[in-house]
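# Results of the structural survey
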Amino acid sequence: MTTTRRGFLGLTAAAIAAAPLKAQAAAPKYLYHGRYGDGVGIASYDATGKITSTGALRGVGDPSFIIRSGNFLYAVNEQETGAVSAIAIDAPGKLRLLNRQPNKGSGPCHLAVANGYLLSANYGSGDVAVHKLKVDGGVGTQTDLVKHAGDGPHAHQIVVAGNYILAVDLGTDSVYTYTLTSGKLALKHQLTLPAGAGPRHLAFHPSGKFAYVANELNSTITVCSFADGKLTALNTQSTVPPGSPTNYPGEVIVSPDGRYVYLTNRGHNSIAVFATSATGEALTLKATPNAGGVWPRHCIIDPTGSLLFVSNQNSGNIVTFAVDLASGNLTQKSSFSTPTPVCVNV
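Reading the values: rules and limits
- Residues numbered from 1 in each chain as written.
- Predicted model: local features only at pLDDT ≥ 70, side-chain atom pairs only at ≥ 80, totals over all residues.
- Heavy atoms only, no water.
- Helix = DSSP H or I, 4+ residues; strand = E, 2+ residues; numbered from the N terminus.
- Rg over C-alpha atoms; globule rule 2.2 N^0.38 Å.
- Contact = heavy atoms within 4.5 Å.
- Areas by Shrake-Rupley, 256 points an atom, 1.4 Å probe, with all protein chains shown as cover.
- Lys, Arg positive; Asp, Glu negative; His and termini not counted.
- Charge placed at Lys NZ, Arg CZ, Asp CG, Glu CD.
- Core = buried A, V, L, I, M, F, W, Y, C linked by side-chain atoms within 4.5 Å.
- Buried < 20%, exposed > 50% of the residue type's maximum accessible area, 1.4 Å probe, protein only.
- Pairing = 2+ DSSP bridges.
- Axes fitted to C-alpha atoms, helices over the stretch in contact; angles between N-to-C directions.
- Polar contact = N/O pair within 3.5 Å; in protein donor to acceptor, adjacent residues only side chain to side chain.

### Some words on the overall build of the protein chain
- Across its full length, the protein chain carries two helices and 28 strands.
- Compactness check: the protein chain gives a C-alpha radius of gyration of 22 Å against a globular reference of 20 Å for 346 residues, within 12% of the reference.
- Principal-axis analysis of the C-alpha atoms places the extent of the protein chain at approximately 85 × 45 × 40 Å.
- For the protein chain, the proportion of contacts with a sequence separation of at least 24, taken over those separated by at least 6, is 44%.
- Accessible surface, the protein chain as shown: approximately 14500 Å² in total, 56% of it carbon and sulfur.
- Here the protein chain holds 25 positive side-chain charges and 19 negative ones, and the gap between their average locations is 11 Å.

This is the structure in structure tokens:
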């Protein structure tokens with residue numbers, strides 16, 4: 001058969017039309033990482049988890065924690081005079097600063113979005129701030145500021161659980177449950193853990209019936225039941241093996257299927273891997289693989305569930321682990337160097 005130039009171009013066009021299927025499969029994904037200093041880091045990663053820097057959004061001071069809500073990122077500005085910043089994701093890996101608003105607290109360190117409001121936890125001043133979000137995604141008027149009562153409050157995390165807002169406070173050894181109505185917080189319940197536990201972060205089982213609280217100061221994890229806004233402590237265990245050095249748990253997350261819990265151990269420099277019981281009310285420590293760096297602060301699982309990223313603050317690297325979906329085991333795949341990474345979001 002003789003192929004004319006027109007026929008050749010037709011074949012070429014057909015080949016090009018078929019190509020996007022492969023191109024889409026190989027297209028890079030993007031992650032955004034928070035740090036101390038100026039700017040939100042921007043990077044791409046491939047199917048193996050290898051991370052490549054693609055730049056940074058400058059003009060965002062000390063964005064030590066960032067969250068994603070649709071096509072927007074929200075960052076704390078962890079400074080003495082605290083603030084929160086809104087960032088638009090114009091395209092994958094393309095960020096634009098929308099605005100920054102003071103939150104009337106000190107040392108904001110965590111964020112959550114609920115019902116059109118941005119909530120921020122202020123570690124230094126021990127309070128929770130609420131801002132209305134604008135239609136364009138920017139941060140609007142502050143509607144509330146609630147200070148935790150007690151000796152030396154240090155609000156450390158905000159979690160949305162259905163119709164409730166939970167605030168974890170390391171200083172008062174408590175987890176507060178609030179309702180949010182018209183931008184105002186109302187206290188519903190307070191779980192008080194043993195003195196000196198230092199609850200830092202918590203994560204929920206997919207059923208919503210159990211939560212796992214990482215206690216920073218006594219290196220434990222507490223399983224709690226959760227019903228009608230009330231947390232009840234059930235059992236507590238260590239996050240590291242006996243004989244380990246002084247350790248401070250950082251982040252705690254749950255696998256999408258609820259079968260495994262992962263917790264960063266700062267000091268032991270490991271990732272604690274816990275298996276959950278069938279319904280989630282108990283944990284069994286399976287392994288504590290090395291974090292691939294020093295002072296693992298934050299971790300997150302990517303949308304596929306097959307990659308886990310760990311930000312090692314003091315060694316300046318973000319490490320990628322492959323997650324065995326059947327066993328929950330972690331295998332280190334790559335390491336990406338960047339100054340003081342304290343948070344990563346995908």
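### Overview of the nonpolar core
- One finds Tyr32, Tyr74, Ile87, Leu95 and Leu118 to be the most contacted residues of the largest nonpolar core, which totals 22 residues.
- For this core, the elements supplying multiple residues, two or more each, are strand E2 (38-45), strand E3 (51-61), strand E4 (66-69), strand E5 (72-77) and strand E6 (83-91).
- Those residues in contact with Ile87, other than ones at most four positions away along the chain, are Val40, Leu57, Val60, Asn71, Phe72, Leu73, Ala75, Leu95, Arg96, Leu97 and Leu98.

### Comments concerning the sheet that holds strand E11 (residues 139-147)
- Here four strands make up an open sheet; going across it, the order is E8-E9-E10-E11 and the pairing antiparallel. Every other strand in the sheet has two partners, leaving strand E8 (108-114) and E11 as the edge strands with one partner each. For this sheet, the mean angle separating the axes of adjacent strands, direction not counted, is 20°.
- Two elements, strand E10 (residues 127-133) and E11, share six bridges in a ladder whose sense is antiparallel. Bridge pairing in E11 places Leu133 opposite Val139.

### A word on the side chain of Ser125
- Within the element layout of this structure, Ser125 appears in the loop between strand E9 (117-122) and E10.
- Residue classification places Ser125 among the buried positions, given a relative accessible area of 16%.
- Among the polar contacts made by the side chain of Ser125, one reaches the main-chain amide nitrogen of Ser106 at a distance of 2.9 Å.
- Beyond its immediate stretch of four places on either side in the chain, Ser125 contacts Gly105, Ser106, Lys147 and Pro153.

### Details of the sheet that holds strand E1 (residues 29-35)
- As summarised here, the arrangement of the four strands in space is E3-E2-E1-E28, forming an open sheet in which the pairing is antiparallel. Single-partner strands in this sheet number two, and they are E3 and strand E28 (341-345). Taking each pair of neighbouring strands and ignoring which way they run, the sheet shows an average axis angle of 25°.
- In this structure, E2 lies alongside E3, joined through seven bridges in antiparallel fashion. Directly across from Val40, in E3, lies its bridge partner Leu57.

Function-wise, these values are silent; they only describe arrangement.
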